[in-house]
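A structural walkthrough
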Amino acid sequence: MITRILSTVFVALLTVVTLSSCGNTIRGMGRDTANAVNATQDAGRSVDRAARR
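Quick summary incoming for the structure in this document. (Residues numbered from 1 in each chain as written. Predicted model: local features only at pLDDT ≥ 70, side-chain atom pairs only at ≥ 80, totals over all residues. Heavy atoms only, no water.)

Scanning the protein from N- to C-terminus turns up one helix and zero strands. The globule rule puts the C-alpha radius of gyration for 53 residues at 10 Å, and the 23 Å found for the protein is more than 25% above it. Viewed in the frame of its principal axes, the protein has a C-alpha envelope of about 80 × 5 × 5 Å. In the form shown here, the protein has an accessible surface area of approximately 4,900 Å², with 66% of it arising from carbon and sulfur atoms. (Helix = DSSP H or I, 4+ residues; strand = E, 2+ residues; numbered from the N terminus. Rg over C-alpha atoms; globule rule 2.2 N^0.38 Å. Areas by Shrake-Rupley, 256 points an atom, 1.4 Å probe, with all protein chains shown as cover.)

So this is what it looks like as structure tokens:
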């Protein structure tokens, strides 16, 4: 009985840790994507300004 309860608690904790690490990875990927978009837009503006000169 106690072994079953401990197993259930262990699995629940493992699930929570796994899901939280996935959340951090997805959040980091979102930031990286946003930075790439910003850099691309800045480069486009630079090219546009250079072409207008």
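So, about a nonpolar patch on the surface. Taken together, the side chains of Met1, Ile5, Val9 and Leu13 define a hydrophobic patch exposed on the protein surface, amounting to about 460 Å² of accessible area. Position of Leu13 among the secondary structure elements: in helix H1 (residues 2–52). (Patch = residues over 30% accessible without salt bridge, like charges linked within 9 Å, V, L, I, M, F, W, Y side chains within 5 Å. Salt bridge = Lys/Arg side-chain N within 4 Å of Asp/Glu carboxyl O.)

Tracing the backbone through its elements, the reader meets Ala51 in helix H1. A relative accessible area of 64% places Ala51 in the exposed class. Through-space distance from the C-alpha of Ala51 to that of Ile2 is 74 Å; in sequence the pair is 49 residues apart. (Buried < 20%, exposed > 50% of the residue type's maximum accessible area, 1.4 Å probe, protein only.)

Positionally, Asp42 belongs in helix H1. Looking at Asp42, the relative accessible area reads 42%, which means it is partly exposed. Reaching out from Asp42, the side chain makes a polar contact with the side chain of Arg45 at a distance of 2.9 Å. (Polar contact = N/O pair within 3.5 Å; in protein donor to acceptor, adjacent residues only side chain to side chain.)

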